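Remarks on the overall topology
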Amino acid sequence: MLFNIPWNLSSNWTFAWSILPILLIGLEVTIKATIFGFLLALILGLPLALLRAVPFRIISWPTAVLIEFIRDTPLLVQVYFVYYVLPDYGLIFSAFLTGTIALGIQYSAYTAEVYRAGLEAIPQGQWEAAKALSLQTRRIYRDIVIPQAIPRIVPAMGNYLISIIKDTPILSAVTVLEVLNVAKIIGDRTFRYLIPLSMVGGLFLILTVISSVLVRYIERRLPKEGIPLK
Amino acid sequence: MTYTQMILVLLNGFKVTVWVTLISTVMGGIFSFAFGIGKMSRFWPVRIISDGYIEIFRGTSLLVQLFWLFYALPLLGVSLSPMSAGIWALSLNIGAYGAEVVRGAILAVDTGQYEAAKALNFTPSRTLWKVLIPQAVVEMMPPFGNLVVQNMKDSALVSLITLSDLTFKAQTIRNETLQTVPIYVITLLLYFLLALVLTGIMKWLERILTTASGREGVR
Amino acid sequence: MKQKPIARFEKVLKKFGDNVVLNEFDFEVYPGEKVVLMGPSGSGKTTVLRILMTLEDIQDGVVYIEEELLWHEQKHGKRVAASNAHLRKMRKKVGMVFQLFNLFPNMSVLRNITEAPIHVLKIPRKEAIKRAEDLLEMVGMTAQKNMHPAQLSGGQQQRVAIARALAMRPKIILFDEPTSALDPEMVGSVLDVMRKLADEHDLTMLVVTHEMGFAQDVADRVCMFDHGRIIEAGTPQEIFTTPKEERTRQFLNSVINREDTVTAPTVQPDRDK
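A brief look at the structure comes next. Once a new chain begins, its residue numbering starts again from 1 and follows that chain's sequence as written. Note on labels: chains are lettered from A, ligands numbered from 1, in written order. Note on the predicted model: pLDDT of at least 70 is required for a residue's local features to be given, and 80 or more for side-chain atom pairs to be given and counted; whole-chain, interface and lining totals, by contrast, use all residues. Side-chain numbers here rest on the full set of heavy atoms in the structure, without hydrogens or water.

Some words on the interface of chain A and chain B
Should any heavy atoms of two residues lie within 4.5 Å, those residues are counted as being in contact. Taken residue by residue, the interface counts 35 residues in chain A and 37 residues in chain B. Buried area: the accessible area, evaluated with a 1.4 Å probe, that two parts lose upon being put together, summed over both parts. The contact between chain A and chain B buries some 3,100 Å² in all, and 76% of this surface belongs to carbon and sulfur atoms. Counted as a polar contact is a pair of N or O atoms within 3.5 Å, where, for protein atoms, one must be capable of donating a hydrogen and the other of accepting one, and residues adjacent in sequence contribute only when both atoms are in side chains. Put simply, chain A and chain B have 8 residue pairs in polar contact (both at pLDDT 80 or more) between them. Only DSSP runs of H or I reaching four residues or more are called helices, and only runs of E reaching two or more are called strands; each is numbered from the N terminus. Elements with a contribution of two residues or more to the side of chain A that touches chain B: α2 (57-72), α3 (75-85), α4 (95-120), α7 (179-190) and α8 (194-221) of chain A. Under the scheme applied here, ten amino acids are nonpolar (Ala, Val, Leu, Ile, Met, Phe, Trp, Tyr, Cys and Pro), four are charged (Asp, Glu, Lys and Arg), and all others, including Gly, are polar. Residue classes in the side of chain A that touches chain B are distributed as 21 nonpolar, 7 polar and 7 charged.

Pasting the structure below:
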C-alpha cells in the first residue's frame, strides 16, 4: 500500500492495474518538477547569457567558466550539494524544491548558451540597419532582435525541456517521490520490480513522445522570419 | 577528517568513475556505429531493431534503464553486478544518442561522393567504410565530444546502485564527517577536471581525423 | 556508321514526381562515337547520362548497352526490373566524370585512381598502380600523385577524376558538364585532356557541355536538347553554322553572349574521323 492505495498481487495484470494510480501520483510530481525546473532554467539562463556577452573580460570570462562548470558536472552531485549545503546556511527547502532548484541551475547553463546563440544568429546587417535609423537600444532589442531571435531559440529550448523530463528521476536520490521513486518503493515492498519499473519506462516514453510532438508543432507554427509586429 | 584524507578517499572513487566512463564510452561508441548504420540498412528487420533500440533508450530516462537492469532484470533470470549493470546502462543509453549522430553525419556527406562510388561500382559496404564514414567521422566529433562529457556526468548515477564511484564516496564520507562543503566542492572540481581532460582528448582526436580525412585546404 | 549501337534508349520515360523529364525518348550512340549534348538546363541532357550510369532509374521504356538491357533482366521469359547484381555487371561498361569532380577527399590522388581497379576489378595492386601512373602522366598530374584532392585546384581535380574514370577501362565515358564548375583559366587544361582522349582512344564519349569550341573540334555529332527531346542533331558544322531550329539558334546565341570564356567556334575544315 502506498498513498493509501493498496495493490492486488493475485496476478501480474491485476498488480499492474492496481499500481497504475499510484504511479500516476508520482508522475504528477515528475511533471511538476519538469515544469518548475524548466521555468527556472529559462529565467536563470538569461542573466548568465547577458553577463557572458558583456564586453569586459573581468565579467564575461568568469561567467563563461561558471557556465562551463555547471554544464560539466553531474546533476546528481549538484542536487546533493543544494540539498545538504543550503540548510547549513539556514536555507531550508523541501526536497522537491531543492531538486527543482538544482534542475534549474544545471539547465540554466544550457539555456544561457541557447540565448547567446539565438542573439548571435541575428545578421549583423539588422543591428546596423537599426542603428542607422537611430533607434534606442531598448527598442532595437524589443522590436527587432528579440522577435527574430525567438524562432531560433524555441526549438533548442524544447529539446532541453525533453531532457529535463528524463533527468527528473535523479531527484529520487533526495527522497522526492517522483514516478521512478514510487515504482522503486513498490518494488522494494513487493519484490516485484519488473512490472512497476517497466511501467515507468512506458510512462516516460509516452511523456517524451507527447512533448516532442508538442515541441515540433510549436516549431512548425513559428514564423521563420520572426514574430510579426503590428 | 583532514583534507588530505578526504582527497585520498575521493580519489579512490574517482578511479572507478574514470574506469566506468571510459569503458561505457567505448562500448557506447560501438553501439552508436552498429545501430546508427543499422537504421539505414537495406534489411527491414535490422532497421526495425535499430530504430526500436534508439527510440526506447532515448525516450526513457537513464536512471529508469539503470534500475531496470539492476532490479528488474534479475527477475528474468539475469543478475548483473553493480559494475556491469552500470556499464551496460550507460553505454546502451549513450549509444542510442550516438547512433543518431552517426546516422546524421553519414547522411550529411555530399551525395556526389555516393554517386562517384556507385559509378566506380563500389559495393555498398566499401562505399560506407572507405568513402562515407572516413568523411562523416569528422562531422561526428563535436557532437561525440558533448556525448562523452554527458556520459561522464551520467556515470554519477551508478552510485545509486551502490557502485563506489566518486559520488558514492562523497556521500559516504559526508555521512561520516558532515563536512559537506569541502567534500562536494572537491568532488565537483574532480568531475570538472575530468570533463576538461575528456574534452581535450576529443578535440585532439578531431584534429587528427580532420587531417586524415583530407580536409586540409590548399597548402 | 552501320555498326550496332553501343547504347540505345527506346521510348524511355523519366519523371521526377510529376515533372516529366524524358518522354518517349529515343537515342542511339555508336561505338567510338563522340557525342556532345547541348541544351538549356532542365532539358534532360544530364538525365540521359545519369540513367546510363544507373544513378537514376527509368519509369518506362528500355535502355540497352551493347545490346543488353540495362534496367531490366529476362527472367523465366519475362522482363523484370534489374537486380543489383545485374546493375553491377552493367556498370562496369560505363564511367563518369562529374561536374563537381567528386574525388574522395580522404584518399590521395593515386589511391583515388587505384581503389576501384584493385577492389572492384580485383586487379593486382602493382598493375593498378602502374595503370594509374600511366593515366596520371596522360592527364599531366604525375607530380601531384601523393597529394590530397583538397590541395589541388578545380582543374587539377577534374583531370584526376578523368584518370579515375579511365582506370576502370569503361566502354563508354560520360562527362557531365566537366568544366562548368571551373574558374575560366582552368577550363583549357581539362578540355585539352578530353581532346587528347578523343584523338588517341576509340572510346565512346558522351559529353554534356556548352563549350562550342570543344564540340567543334571533337564531336562527331551534336544533339540539341529541349524539353526532354532532341530537337536537332548533326555535325557541329551543321548545328553551329546552319541550325534549322529557331530554338537552337536562340540557345547558341545565349551561350555565346553569356560566356565570354567560351571559345567561339573557329571555322575549320571538319576533320575526318
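Resuming the write-up.
A look at the interface of chain C and chain B
Contacts between chain C and chain B engage 28 residues on the former and 26 residues on the latter. Carbon and sulfur atoms make up 54% of the area that chain C and chain B hide from each other, which totals about 2,300 Å². Three residues, C:F104, C:N106 and C:Q151, lead the burial of chain C against chain B; their summed loss comes to 23% of the area buried on that side. In what follows, salt bridge is the name for a side-chain nitrogen of Lys or Arg lying within 4 Å of a carboxyl oxygen of Asp or Glu. Inspection of the region where chain C meets chain B yields 2 salt bridges. Across the salt bridge formed by B:E115 and C:R50, the nearest N and O atoms sit 2.6 Å from each other. Sorting the residues of the side of chain C that touches chain B by element identifies α2 (84-91), β8 (94-97) and α3 (109-119) of chain C as the ones contributing at least two each. Of all the elements, α3(C) adds the most residues to the side of chain C that touches chain B, at 4 residues. Looking at the side of chain C that touches chain B residue by residue, the classes come out as 14 nonpolar, 7 polar and 7 charged.

Some remarks on the packing of aromatic side chains
Two rings belonging to Phe, Tyr or Trp (six-membered ring only in the last case) form a pair when the distance between their centres is within 6.5 Å. Interplanar angles under 30 degrees mark stacking, angles over 60 mark edge-to-face geometry, and anything in between is tilted. As enumerated under the stated definition, the model contains 22 aromatic pairs over all chains in all. With a centroid separation of 5.5 Å and 90° between ring planes, the pair formed by C:F9 and C:F25 is classed as edge-to-face. Here C:F9, found in strand β1 (residues 7-16), pairs with C:F25, found in strand β2 (residues 19-29); they are 16 residues apart in sequence, far enough to count as distant. For the exposure calls, accessible area comes from a 1.4 Å probe over protein chains only, and a residue counts as buried if that area is under 20% of its type's maximum, exposed if over 50%, partly exposed in between. Its relative accessible area of 2% is what places C:F9 among the buried residues. Taken together through their ring pairs, the aromatic side chains of B:F31, B:F35, B:Y53, B:F57 and B:W88 make up a single cluster.

Concerning the packing of helix α1 (residues 12-53) of chain A against helix α6 (residues 137-167) of chain A
The angle between the axes and the distance between the axes are what describe a pair of packed helices. Residue and element names in this part refer to chain A. For helices, the axis comes from a line fit to the C-alpha atoms of the stretch in contact; other axes are also lines fit to C-alpha atoms, and the angle between any two N-to-C directions lies between 0 and 180 degrees. The interhelical angle for the contact between α1 and α6, taken along N-to-C directions, is 140°, at an axis separation of 9 Å. With respect to α6, the element α1 is oriented oblique. Judged by the sense of rotation from one axis to the other, the crossing of α1 with α6 is right-handed. Taking contact as the criterion, the partners of T34, G37, F38 and L42 in α1 are, on α6, M157, L161, I164 and I165. Classifying every residue of the contact of α1 with α6 gives 6 nonpolar, 2 polar and no charged. Roughly parallel here means an angle under 35 degrees, roughly antiparallel means over 145, roughly perpendicular means 65 to 115, and every remaining angle is called oblique. In a left-handed crossing the near helix is turned counterclockwise from the far helix by less than a right angle, and in a right-handed crossing that turn is clockwise.

Section: the pattern of salt bridges
Under the criterion given, the structure shown has 27 salt bridges over all chains. The salt bridge involving C:R8 is made with C:E10; its shortest N-O contact spans 2.3 Å. According to the relative accessible area criterion, C:R8 is buried, its value standing at 16%. A salt bridge links C:E33 to C:R221, with the nearest nitrogen and oxygen atoms 2.8 Å apart. Residue C:E33 is found in the loop between β2 and β3 (34-38), and its partner C:R221 is found in strand β11 (residues 221-226); the two are separated by 188 residues along the sequence. No difference in accessibility class separates C:E33 from C:R221, as the two residues are buried. One network of salt bridges, in which partners are shared, links B:E115, C:K14, C:R50, C:E56 and C:D57.

Here we look at the sheet that holds strand β5 (residues 68-69) of chain C
Residues and elements named next belong to chain C. Any two strands with at least two DSSP bridges between them are considered paired. If you walk across this open sheet you meet the 4 strands as β2-β1-β4-β5, and the pairing is antiparallel. In the strand order of this sheet, the two ends are held by β2 and β5, each with one partner. Direction of pairing for β1 relative to β2: antiparallel, over a ladder of 7 bridges. Across the sheet, residue R8 finds its bridge partner in β2, namely E28. Sheet strands in contact with helix α1 (residues 45-52) are β1, β2 and β4 (60-65), and its direction is about 110° off that of β1.

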